[in-house]
Amino acid sequence: SKTQVTRRVIEASNRLLAMACFCIGTDQVDLKAAQERGIPVFNAPFANTRSVAELIIGNIVGLSRRIGECTAQMHRGAWFKQAVGCFEIRGKTLGIVGYGHIGSQVSVLAEAMGMHVIYYDVIPKLPMGNASQVATLPELLSKSDFVSLHVPKLAS
C-alpha cells in the first residue's frame, strides 16, 4: 500500500487501539513505533486476493486491446474501428513473478482465459492447474508475452 503509517502518525494518534492492513504484509506500518505504544498490528492477507487477481487480468486484456490508447484517442475526437495492433490473450504466455496468494490466483484466471502460465519464485511452489515453474527470472522474461509481479518490497 502507498499509505505509510509512520512513527509521526502513530504518535499523533492518541486513541488508536489497533491497526489492520488489508493486504499481504505490514511493511507500510512503523511496527517498532506501534509496538512501543502497545498497538497491535495485523493483516488480512486473503481479503483482496481475488479482487487484485481480477484487476490484473483486466489490465492484461486492456493492454492487449490497447484500450488506454484508444480511449485517449476517442477523447480527442478520433474513432478507430480497426483493431490494428490488438490481439486476444488466448494462447499468449503470462509470466508471474511471485507465486503466492495473488500470483497463484492470477494463474488460475489466466488459464481459464486460455493463457499459458509460467512462474518464477525464489521458493519452490506447487503449480495451480497447468502452470509451470521456470528456473530463473531471465528465462521467465524471455518466454513471456505479459509479466505480472507479485513480490514484497524488500531491500534486496
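These notes cover the structure that comes with them. (Residues numbered from 1 in each chain as written. Predicted model: local features only at pLDDT ≥ 70, side-chain atom pairs only at ≥ 80, totals over all residues. Heavy atoms only, no water.)

A few words on the pattern of salt bridges. In this structure the tally under the stated criterion is 7 salt bridges. K32 serves as the salt-bridge partner of E36, at 3.8 Å between the closest nitrogen and oxygen. A residue pair is termed a helical-turn pair when its members lie 3 or 4 positions apart in one helix, as E36 and K32 do in helix 2 (residues 31–36) at 4 residues. Within the structure, one salt-bridge network assembled from shared partners comprises R7, E11, K32 and E36. (Salt bridge = Lys/Arg side-chain N within 4 Å of Asp/Glu carboxyl O. Helix = DSSP H or I, 4+ residues; strand = E, 2+ residues; numbered from the N terminus.)

This part is about the nonpolar core. Burial of nonpolar side chains together is a common tendency in soluble globular proteins. Within the largest apolar cluster, 17 residues are counted, with the highest numbers of intra-cluster contacts made by I60, L94, I96, V106 and M115. Of all the secondary structure elements, the ones that give two or more residues to this core are helix 3 (49–64), strand 3 (93–97), helix 5 (101–112) and strand 4 (116–120). If you look at the next biggest cluster of nonpolar residues, it comprises 8 residues, including V5, I10, M19 and C21. (Core = buried A, V, L, I, M, F, W, Y, C linked by side-chain atoms within 4.5 Å. Buried < 20%, exposed > 50% of the residue type's maximum accessible area, 1.4 Å probe, protein only.)

Turning to the sheet that holds strand 3, a few remarks are in order. Read across the open sheet, the 4 strands follow the order 5-4-3-6; overall the sheet is parallel. In this open sheet, the two edge strands, each paired with only one partner strand, are strand 5 (132–133) and strand 6 (146–149). Against the sheet, helix 5 makes contact with strand 3 and strand 4, and its axis sits at roughly 170° relative to strand 3, the strand it touches most. (Pairing = 2+ DSSP bridges. Contact = heavy atoms within 4.5 Å. Axes fitted to C-alpha atoms, helices over the stretch in contact; angles between N-to-C directions.)

Once that is clear, we can look at the pairing of strand 3. In summary, the side chains of a regular strand alternate between the two faces of the sheet. Of all the 5 residues making up strand 3, 5 are buried; the element is thus mostly covered by neighbouring parts of the structure. The alternating pattern of strand 3 places T93, G95 and V97 and L94 and I96 on opposite faces, both of which are buried. For strand 3 and strand 4, the ladder comprises 5 bridges, and the chain directions are parallel. Counterpart to V97 in the pairing with strand 4 is Y120.

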